Amino acid sequence: MAVYKAVCVAVLLTLLTKVSESQLSVCGRATRNSRIVGGQTAVAGSWPWQVSLHTSAHFCGGSLITNEWVLTAAHCMTSFTSSTANLRVYLGRQSQQGFNPDEVFRTVAQVIIHKDFKVSTLDNDIALVKLSSAVTFTSYISPVCLAASDSIFYSGVNSWVTGWGNTGFSVALPSPQNLTEVEVPVVGNRQCKCSYGPNTITDNMICAGLTQGGKDSCQGDSGGPMVSNQNNRWIQAGIVSFGKQCALPNFPGVYSRVSQYQAWINSQITTNPPGFVTYTSTGNDRDLSISCPGVPPIMSATASTTTTTTTTSITKPTTNLSSISAPSRTTTTSTTTTILPQNTAPRPVVCGQAPLNTRIVGGGLSVTVGEWPWMASLLLKGKHVCGGTLVSEDAVLTNANCFSGSLNVSEYVVVLGRLKQNGANTFEVFFNVVNITLSNLTGSNIALLQLSTKPILNNYIQPICLGNGRNFSVGSTCWATGWSFGNGGEQDLLEFKTTVSDCGNASVTNSMCTSQFALEQGDSGGPLMCEQDGSWFQVVVLSYVDISTRQNKETTVMVFENLNRFQDFLIQSLGTFLTPTIEDNTINNSTVNTTAATSIMTTSGGSQHYFSWFLCWHLFVLAFCLLLFP
């Protein structure tokens, strides 16, 4: 009987082991990763979970987390919510050019974007991609472990980021475009808020980079993994999300914090879930001592209390109810008042507001001063060459074809608050250009101009919102504005009213179609913009050069490239987008905290709930065996 009893126990323990492991037995193992030196080409197979997302070419990274699921950034997937027909996932790839003997590819069966993802703030920038069929694990293809919800990453934790992104801001990865790795330390959220602003960095984000700059993720790395090693196992802490250009001093890269999403991931992947591992930092959290404007010092309750002495005179008057007069009496009482740290964070800049835009007439008519307060005039050697729009506190968006002749920043000036190209403009302000950055996609491109100083915002100078990810249905009214070269010279700012149309046969990826309107050379770089929920959003950068290719004579629509095409470039260049509304800080913080608490509480669900059920079952079997074979 003892033999039967031993066999029964052994079988039970075997079953328990298989259930509890899930992906844990294979995740985070990189057998070919023998050395780590940041900022260089990675050895083939060093990062076997790295994937490359393709349409016609690589555009984002991702990480394999099970044999049929990939983790990536939500902003990489916004164009694929309706169709994944052109989307491919490459696994085991080393080079973007040439032959990769160990790679396989899959089409995509499903894309799941986090329901609370906000393109304006890049909060909850996380998405799941389901492969069309499962892959077989090899030395070159295997899943990464994910940071569990109770993971702790202190400042200074070594992490590595991998991808095929640019090696510098708008500097493409050189041929043959091998997978690159870079080592960067974690930067605490308090320090990161001091760099980006307290309203930009949320608890759903984690930062990493060097104070002196020089090492960072960049354009094309979006969606890829940031991993740390613990006990010879690689754990993904972040997903490449955004940054201020690339590798700038005091501006670390910003990543989606994977540990915040254990419950969400397990709710989406209900069979064969990913392996979650708790990462635990040692030592002290140096980030707790960081403070700056908008990020007040952390103060204990005792340190933030003061004792005040209050003198109260209590006089009991003589009345006819008693023959004894009670004398006046003074009582001293001590009152303890708790003084909480005040949040001195500045209110965020709001986009898409035009206080003086009280009427919209359109159709090629001159506009009134201040009606389109984000309009910018780009001057080359004092002469207007293109339009543009203020899209951040210090950046103007325009068309790359405005710079076909010269990229010498000293030759360009941006004018905001301008109405007339000839004559006086009471509210205009001139700004020098300190940097010109062009996107480097195939075909047409856009440009961002960094101004020498931040303009003072008023009724005549305001930024417009970027409409990435926004949907404007057929029939929506939109406007274009620009300074056309008409009647022998430059003239007043004009507006053109148009309507969103069905592209029909002219439809291409990231296209937007409108009814026809006049478009001339001086309008290039200006906006096509639509109003939604009381704010204005730019959805297209106008271009005069390729107008003949945009016009479909049969359908009488104009076809434009939506700004969605340049979303990765804009995110990497600007960081987060400006928001169209001001959220109350108290409400917003309460919401964030509630969300975080919910995530922690629901962690017990998903795979852990699945395990708990089987644990109970196997314990029951064990008890039965013990009774059967005493």
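Here the residue numbers are simple positions, counted from 1 along each chain's written sequence. Only residues with pLDDT of at least 70 get local features here, since the model is predicted, and only at 80 or more are side-chain atom pairs given and counted; chain-wide, interface and lining totals rely on the full set of residues. The basis for every side-chain value is the complete set of heavy atoms in the structure, and neither hydrogens nor water enter the calculation.

Caption draft 1: Highlighting the overall build of the protein chain. Where helices and strands are cited, they refer to DSSP runs of H or I of at least four residues and of E of at least two residues respectively, numbered from the N terminus. Per the secondary structure count, the protein chain includes 8 helices and 34 strands. Buried positions account for 50% of the 630 residues belonging to the protein chain. Here the analysis covers contacts within the protein chain between residues at least 6 apart in sequence; of these, 71% occur between residues at least 24 apart. Areas reported as accessible are Shrake-Rupley estimates using a 1.4 Å probe. Residue values count occlusion only from the protein chains shown. If you sum the accessible surface of the protein chain, you get close to 28700 Å²; carbon and sulfur atoms cover 54% of it. For the exposure calls, accessible area comes from a 1.4 Å probe over protein chains only, and a residue counts as buried if that area is under 20% of its type's maximum, exposed if over 50%, partly exposed in between. We call two residues in contact when some of their heavy atoms are within 4.5 Å.

Caption draft 2: Local environment of the side chain of asparagine 357. Counting through the fold element by element, asparagine 357 comes out in the loop between β17 (329-338) and β18 (365-366). Within the structure, asparagine 357 has its side chain in polar contact with the backbone oxygen of glutamate 371 (distance 3.1 Å). Not counting residues within four places of it along the chain, the set of residues in contact with asparagine 357 comprises Glu371, Trp372 and Trp536. In protein, a polar contact means a hydrogen-donor-capable atom and an acceptor-capable atom, both N or O and within 3.5 Å, with residues adjacent in sequence counting only if both atoms are side-chain atoms; elsewhere, any N or O pair within 3.5 Å suffices.

Caption draft 3: Quick peek at the environment of histidine 384. Mapped onto the elements of the fold, histidine 384 is located in strand β20 (residues 383-390). Each C-alpha atom, one on histidine 384 and one on valine 413, is 9.4 Å from the other, the two residues being 29 residues apart in sequence. A polar contact is formed between the side chain of histidine 384 and the side chain of glutamine 421, at a distance of 3.3 Å.

Caption draft 4: Inspection of the state of the cysteines at higher detail. Cysteine sulfurs are considered disulfide-paired once they come within 2.5 Å of each other. Taken as a whole, this structure holds 9 disulfides when the rule is applied. Here cysteine 60 pairs with cysteine 76 through a disulfide, and the sulfurs are 2.1 Å apart. Taking the torsion about the sulfur-sulfur bond, which here is approximately -80 degrees, the covalent link between cysteine 60 and cysteine 76 counts as left-handed. With cysteine 60 in strand β3 (residues 58-64) and cysteine 76 in helix α2 (residues 74-77), this residue pair connects regions lying 16 residues apart in the sequence. Accessibility classification places cysteine 60 together with cysteine 76 in one group, the buried group. In this model, cysteine 194 is linked to cysteine 292 through a disulfide, with the two sulfur atoms separated by 2.0 Å. Judged by the sign of its S-S torsion, about -100 degrees, the cystine formed by cysteine 194 and cysteine 292 is left-handed. With cysteine 194 in helix α3 (residues 189-196) and cysteine 292 in the loop between β15 (276-277) and β16 (305-314), this residue pair connects regions lying 98 residues apart in the sequence.

Caption draft 5: How the structure looks around unusual backbone geometry. For the bond running from serine 175 to proline 176, omega is 10 degrees, close enough to zero to count as cis. Note on placement: proline 176 falls in the loop between β9 (158-163) and β10 (180-187). Notably, leucine 122 is not glycine yet its phi reads approximately 60 degrees, a positive angle. Of note, leucine 122 is situated in the loop between β6 (104-113) and β7 (127-131). Phi is positive for asparagine 124, close to 60 degrees, though the residue is something other than glycine. Mapped onto the elements, asparagine 124 comes out in the loop between β6 and β7.

Caption draft 6: α3, seen in detail. Among all positions in α3, only Asn189, Arg190, Cys192 and Tyr196 are buried. For α3, the angular spread of buried residues about the axis comes to 160 degrees, placing them on one side. Against the buried residues of α3 lie β10, β11 (205-208), β13 (233-242) and β14 (253-257). Where α3 ends, the next residue or the one after it, glycine 197, has phi of about 110 degrees, a positive value. An arc is given here, and it is the one of the directions from the helix axis to the C-beta atoms.

Caption draft 7: Up close: the sheet that holds strand β4 (residues 69-72). By the convention used here, strands pair only if DSSP detects at least 2 bridges between them. Pairing is antiparallel around the closed barrel formed by 6 strands, whose spatial order is β2-β3-β4-β7-β6-β5. Strand-to-strand twist across the sheet, computed as the mean angle between neighbouring axes with direction ignored, equals 40 degrees. Pairing analysis gives 4 bridges linking strand β2 (residues 50-54) to strand β5 (residues 88-91), with the strands arranged antiparallel. By the bridge assignment, valine 51 is partnered in β5 with leucine 91. Axis angles are defined between N-to-C directions and span 0 to 180 degrees, where every axis is a line fitted to C-alpha atoms and, for a helix, only to the segment in contact.

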